[in-house]
Structure formats: C-alpha cells, structure tokens
Amino acid sequence: MNETSSQPTIETPREWLAHRSYSAADYALERIVELKGAAAPTSVSVVLPAREVVETIGPILDALAPLRAAGAIDELVVVDAASADGTAAVAEAHGAIVVQESAVLADHGPAQGKGDALWRSLAVTRGDVVAFLDSDTENFDDRFLRGLLGPLLQEPAVAFVKGAFRRPFRLGETTVPDGGGRVTELVARPLLNLHLPQLAGFVQPLAGEFAARRSLLEQLRFPVGYGVEIATLIDSFRIAGLGALAQVDLGERHNRHQSLRALSAMAYAVMVAAERRIHSTEGAPAVSGPLAFPHEGGLALRHVAVEERPPLAHLNRARRGRRGPAPDQ
Ligand SMILES: O=c1ccn([C@@H]2O[C@H](COP(=O)(O)OP(=O)(O)O[C@H]3O[C@H](CO)[C@@H](O)[C@H](O)[C@H]3O)[C@@H](O)[C@H]2O)c(=O)[nH]1
Ligand SMILES: O=C(O)[C@H](O)COP(=O)(O)O
C-alpha cells in the first residue's frame, strides 16, 4: 500500500511489508517520467559495477536506452573493474559513460571490490537519486530500474529501495526454481533474524539492485567488497528508520553462480560487515585477515578485503576544508 499524506506507523516487519511493498508493474515508463518531473524534479544517476560482463552489459544498456531517451535517466555510468574481456569497450559502444574504478578517488589506492566500485561511483555522479544495478543479469529488463525508481519518486518518506525477486538456481541443464541465493538464505537471513529482526521482511537483503537518495548514501560507510549490501541496508535502517526503507518486486532474476568456495569468501565479507554493525562501535579496529581453507594437509589462504570506506560526506567536508571556504561563505 502506498501512503502519500499522513504517515502510517511502521515499526514491525508486518507493518513495513503492509506499507512499504511496491511492484515494478505499477511503474510504467510514462509514470516514471511524470513522477520525476513533478513538484520537486529529481535527477537520477544509474550505476552499473562491471567485472568481466561482456556478455550481459550490452543487452542491459540497450534495455535502458528507452528510459534515457525519455529523460528518466540523467546519467548512466559503468564502473569497470579493469575487465580483461572487453566490457568497457562494449559499454562505451552502447552509450554508457565508462570509468575505471581505480581511477576514481585514486588517492585511496586501487579499488578492492564491488563495494569500493559503488562508493567511488558516488564521486563521479551527481544524481539526487542513485540506482545500482548488477551487470551480470541475464534476463535484464527495464522494469528493474523502473521498479527501483518508482517508490523514491512517488513517496518522499522513502529514502532507500531494495529489489526483491525470485532466484532460480541453474546447474548445467537443470534449473531449481527459487534455489538461488545461497549466501542470502544461509548467512544474511539468519543473521538479520537473529540481530535485526525488524529487517526480516526483505526478500533479497543482498540484492545488488537498490536505489537511494544521495543525501542518505553519502552518510554511509561502504565495505569495499561483498559486505556492501548488508552494510548499506543496516546503516540506512539505523540512520533513516524502517519507514524510510522499501522493497519492490522486480519479478525473476537470473544471474551467474559463483563456486561454493567463492561464496565462502562472500559469506565471510557479509559476516564481517554485519558483525561490525552488530557488536562493534563505529571506528572499531578493522577485522581483517585471510580466509583459511584446509588444503592438501595444510592451509590455503584467500585474501578477503573487508576494509570500509568513510561516508562520502565526510570526505567532501575534508576536501572543502583543505580548499578553504567557498567565496560566498
Ligand atoms: O569485484 C567486483 C565484483 C563484482 N562486481 C560486479 O558486481 C555485480 C555483482 O557481482 P557478482 O559477483 O555477480 O555477485 P553475486 O554472486 O551475484 O552476489 C550477490 O550478493 C553480493 C553480496 O551481497 C552482492 O554484492 C551482489 O550484488 C549480489 O548479486 C556484477 O555486476 C559484477 O560484475 C564488480 O564490479 N567488482
Ligand atoms: O546472493 C547470494 O546468496 C549469492 O549471490 C549466491 O547466489 P546463488 O546461490 O544464486 O549463486
């Protein structure tokens, strides 16, 4: 149900589901354009983090072209993780602005993962609303973006929107309906239920499809790796409150599956980000260290980057401070 005037009480997951569940089907392109241009015009940046996605990036950008043509997207930026498969060239050929992740805020060193790419993207985009979309989606359709933007453009009280979708799991020719999301189901959901049950209504708490107001995003710390989704969700909840969060049904999403071993590293990054927020105070020492796997009688070590980037607003203040006050201040 969408409330536009008096705000309902939203404190429990049930109340939240009743008042902050949306569907992409309710936001046709014409509606998005109309909402975007209404009373307070809102500019929109779309960011696609991209690592070796030459197969999917072109079709995704093509699917977004009508939204650009209609003025629903003001900026479309692909943040490339130095992909060796030609992702950047394909993205450019399909009309996106392409930036290399490590070239942005380069004084912070080379980018260390997906979260770093998202954080750096805030420094090269200007939209009042920023929408993040994974670029390995195989069945991409513009409803992914329309759905994320709709609630933000329609409802001033909403500051953060997460995609919800069904996730089949495919292995060779076999597909298991709703079998996908192993880290989501075995790590993120139990963690949230245990420590932050107010967030239990999120269907896909780790979805890379989310959008938020810049004013909120710039207040968030960003883990550099796969901890970024759980962190931005928890911190948005703590800063803005449950009623400022929404989820939108985007239908079904097909994505690449990583190996179980790779997901172990992802799960570790998710757990570190959650652990810091649940048990540690801000500024607690970084939990770091390689993830060890028993291997041939010894231990194989895999580095998992879990550092966190400061809120961009802090960085902007520090930079302004170094430059001195603006002339009109
Ligand atoms: O170092 C990286 C790793 C990934 N990506 C891109 O980020 C997106 C998602 O990455 P992927 O490795 O496909 O993630 P999944 O295995 O699908 O993991 C899910 O869970 C992760 C942890 O929450 C989220 O970051 C993902 O968005 C979500 O799709 C894709 O476009 C990648 O190309 C980067 O840009 N840099
Ligand atoms: O979100 C997740 O849980 C991970 O991306 C793993 O997804 P998968 O089990 O569908 O590969």
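What counts and how
- Residues numbered from 1 in each chain as written.
- Chains lettered and ligands numbered in written order.
- Predicted model: local features only at pLDDT ≥ 70, side-chain atom pairs only at ≥ 80, totals over all residues.
- Heavy atoms only, no water.
- UniProt positions renumbered as here; feature names shortened; annotations may be inferred.
- Helix = DSSP H or I, 4+ residues; strand = E, 2+ residues; numbered from the N terminus.
- Buried < 20%, exposed > 50% of the residue type's maximum accessible area, 1.4 Å probe, protein only.
- Contact = heavy atoms within 4.5 Å.
- Axes fitted to C-alpha atoms, helices over the stretch in contact; angles between N-to-C directions.
- Parallel < 35°, antiparallel > 145°, perpendicular 65-115°, else oblique.
- Left-handed = near helix turned anticlockwise from the far one by under 90°.
- Expected span 1.5 Å × (residues − 1).
- Nonpolar A, V, L, I, M, F, W, Y, C, P; charged D, E, K, R; others polar.
- 1 Å grid on protein atoms, 1.4 Å probe; cavity = no way out; pocket = protein on both sides within 12 Å on 5 of 7 lines; lining within 4 Å.
- Points joined across faces, edges and corners; volume = space filled by probe spheres on them.
- Near = heavy atom within 4 Å.
- Polar contact = N/O pair within 3.5 Å; in protein donor to acceptor, adjacent residues only side chain to side chain.
- Areas by Shrake-Rupley, 256 points an atom, 1.4 Å probe, with all protein chains shown as cover.
- Sits in = over half its atoms within 2 Å of the grid points.

1. Regarding the UniProt feature "domain: Glycosyltransferase 2-like" (unreviewed entry) in the protein chain
Then comes step 1: Mapped onto this numbering, the UniProt entry gives "domain: Glycosyltransferase 2-like" (unreviewed entry) at residues 45-161.
Then comes step 2: The distance separating the terminal C-alpha atoms of residues 45-161 is 14 Å; by composition the span is 39% helix and 19% strand.

2. Focus: the environment of A246
Then comes step 1: Position of A246 relative to the elements: it lies in strand 11 (residues 245-252).
Then comes step 2: Classification of A246 by relative accessible area gives buried; the value is 0%.
Then comes step 3: Look past the residues within four positions of A246 in its chain and what remains in contact with it is W16, R20, Y22, V158, F160, V161, K162 and F202.

3. Here we look at the packing of helix 7 (residues 182-195) against helix 10 (residues 260-279)
What describes two packed helices is the angle between their axes and the distance between those same axes.
Then comes step 1: Running from N to C, helix 7 and helix 10 cross one another at 15 degrees; their axes reach a closest spacing of 9 Å. The pairing of helix 7 with helix 10 is recorded here as roughly parallel in orientation. Where helix 7 crosses over helix 10, the two elements pack in a sense that is right-handed. Of helix 10, the residues touching helix 7 (which contributes R182, V183, V187, L191 and H195) are L260, L263, M266, A267, V270, M271, A274, I278 and H279.

4. Describing helix 9 (residues 228-240)
Then comes step 1: Given a rise of 1.5 Å per residue, 13 residues ought to cover 18 Å, and the 17 Å separating the end C-alpha atoms of helix 9 matches this to within 8%.
Then comes step 2: Those residues of helix 9 that sit buried are V228, E229, I230, A231, T232, L233, I234, D235, S236 and F237.
Then comes step 3: Two residues or fewer past helix 9, G241 is found with a positive phi of approximately 90 degrees.

5. Re the packing of helix 9 against helix 10
Then comes step 1: Helix 10 packs onto helix 9 with a crossing angle of 20 degrees between their chain directions and a minimal axis gap of 9 Å. Considered as vectors, helix 9 and helix 10 are oriented roughly parallel to each other. Listed contacts from helix 10 to I230, A231, I234, D235 and R238 of helix 9 are V270, A273, A274, R277 and I278.
Then comes step 2: Taken together, the residues that form the contact of helix 9 with helix 10 break down as seven nonpolar, no polar and three charged.

6. Some details on the layout of surface pockets
Then comes step 1: One number sums up the size of the largest pocket: a volume of about 1100 Å³.
Then comes step 2: Around the largest pocket, the lining comprises 44 residues; the ones closest to its centre are R51, K114, Y226, Q258 and M266.
Then comes step 3: Going through the elements one at a time, strand 2 (44-50), helix 5 (114-124), helix 7 and helix 10 are the ones with two or more residues in the lining of the largest pocket.
Then comes step 4: Among the elements that make up the lining of the largest pocket, the one with the highest residue count is helix 10 (six residues).
Then comes step 5: Taken together, the residues that form the lining of the largest pocket break down as 20 nonpolar, twelve polar and twelve charged.

7. Examining the site of ligand 2
Then comes step 1: Taken together, R167, G180, G181, R182, V183, T184, H257, L263 and M266 are the residues near ligand 2.
Then comes step 2: Backbone polar atom of G181 to an oxygen atom of ligand 2: 2.8 Å apart, as the coordinates give it.
Then comes step 3: Within the backbone of T184, an N or O atom sits 2.8 Å from an oxygen atom of ligand 2.
Then comes step 4: Protein contact buries 93% of the 320 Å² of open area that ligand 2 shows by itself.
Then comes step 5: With respect to the pocket detection grid, ligand 2 is positioned in the largest pocket.
Then comes step 6: Looking at the shell around ligand 2, the elements that each hand over two or more residues are helix 7 and helix 10.
Then comes step 7: The leading source of residues in the shell around ligand 2 is helix 7, at three residues.
Then comes step 8: Grouping the constituent residues of the shell around ligand 2 by class yields three nonpolar, four polar and two charged.

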